[in-house]
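Residue-level listing of the chains:
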Amino acid sequence: MAWYLNHYHCDSCDTEWEDDWSCCCDDDCPASGSRHWSPHESEDLTEVIEQDGDEFVVLVSPETAEHYPEYKAVARFPSEAAAHRFVVDGELT
Ligand SMILES: [Zn+2]
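Residue positions are counted from 1 within each chain, in the order its sequence is given. In keeping with the model being predicted, local features are shown solely for residues with a pLDDT of at least 70 and side-chain atom pairs are shown and tallied solely at 80 or more, while totals for entire chains, interfaces and linings include all residues. The basis for every side-chain value is the complete set of non-hydrogen atoms in the structure, without hydrogens or water.

Remark: nonpolar core denotes a set of buried residues (Ala, Val, Leu, Ile, Met, Phe, Trp, Tyr, Cys) joined through side-chain atoms within 4.5 Å. The buried label goes to any residue with under 20% of its type's maximum accessible area, the exposed label to any with over 50%, and the partly exposed label to all in between, with areas taken from a 1.4 Å probe on protein chains only. Formed by Phe56, Val58, Val60, Ala75, Phe77, Ala82, Ala83, Phe86 and Val87, the largest nonpolar core amounts to nine residues. Elements are defined by DSSP. Helices are runs of H or I of four residues or more, strands are runs of E of two residues or more, and each kind is numbered from the N terminus. The element contributing the most residues to this core is helix α1 (residues 80–89), with four residues. Any two residues whose heavy atoms approach within 4.5 Å are treated as being in contact. Setting aside residues up to four positions removed in sequence, Phe77 forms contacts with Glu55, Phe56, Val58, Ala82, Ala83 and Phe86. Ranked by size, the runner-up nonpolar core spans five residues in total, among them Tyr8, Trp17, Cys29 and Trp37.

Sites may look incomplete because water is not among the atoms; the donors themselves are N, O and S atoms within 2.8 Å of the metal, or within 3.2 Å for Na, K and Ca. The protein atoms that coordinate the zinc ion are Cys10 (SG), Cys13 (SG), Cys29 (SG) and Ser32 (OG), at distances spanning 2.2 to 2.3 Å. The geometry test gives tetrahedral to four donors whose angles all lie between 85 and 135 degrees, gives square planar to four donors and octahedral to six donors whose opposite members are over 155 degrees apart with all other angles between 65 and 115, and gives irregular to the rest. In this structure, the zinc ion is coordinated by four donor atoms arranged in tetrahedral fashion, with angles at the metal of 98 to 115°. Each donor residue of the zinc ion lies on one chain, and together they are spaced C-x2-C-x15-C-x2-S. Note that Cys10 is positioned in strand β1 (residues 4–10) and Ser32 in the loop between β2 (15–21) and β3 (41–44), a separation of 22 residues in sequence. Ser32 gets classed as partly exposed once you look at its relative accessible area, which sits at 41%.

The next subject is the sheet that holds β1. When DSSP finds two or more bridges between two strands, those strands count as paired. With respect to topology, three strands assemble into an open sheet ordered β2-β1-β3, the strand pairing being antiparallel. The sheet is open, and its two borders are formed by β2 and β3, each paired with just one other strand. Recorded for the sheet is a direction-independent mean angle of 20° between the axes of neighbouring strands. Two elements, β1 and β3, share four bridges in a ladder whose sense is antiparallel. Along β3, the bridge assignment pairs His7 with Glu41. Fitted lines through C-alpha atoms serve as axes, helices being fitted only where they are in contact, and the angles separating the N-to-C directions of these axes extend from 0 to 180 degrees.

In what follows, salt bridge is the name for a side-chain nitrogen of Lys or Arg lying within 4 Å of a carboxyl oxygen of Asp or Glu. Tallying each qualifying case throughout the model produces three salt bridges. Arg35 is the partner of Asp28 in a salt bridge, and the nearest nitrogen-oxygen pair spans 3.1 Å. The exposure class assigned to Arg35 is exposed, which follows from its relative accessible area of 52%. The closest approach of N and O atoms between Arg76 and Glu55, which form a salt bridge, is 3.0 Å. One end of the pair, Arg76, is in strand β6 (residues 72–77); the other, Glu55, is in strand β5 (residues 55–60), with 21 residues separating them in the sequence.

All of the buried residues in α1 are Ala82, Ala83, Phe86 and Val87. Seen from one end, α1 has its buried residues packed into an arc of 140°, which puts them on one side. Exposed residues on α1 whose side chains face more than 90 degrees from its buried face are Arg85 and Val88. For α1, the elements touching its buried residues are β4 (47–52), β5 and β6. Picture the helix axis, draw a direction to every C-beta atom, and the arc is the one those directions span.

Below, the structure written as structure tokens:
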């Protein structure tokens, strides 16, 4: 399941907030309760790279994830560049 960090802005009260979702959902303003704002920006967090000691771990949100990303480590690399290449090249099985 794809996982996103969505950025929202409420035009009614000028509040900015963000929330993570398994899709690009609309959200309600936490300040004024104004409904159904669409994200003005979404970051894809399906795959993330995390440093673990002197290694870089590629974490992926599996298809079964619904309410939380439930990240699973799929690969480890000695450098962030190598981990990034792995993600960009889509060598995920
Ligand atoms: Zn608002």
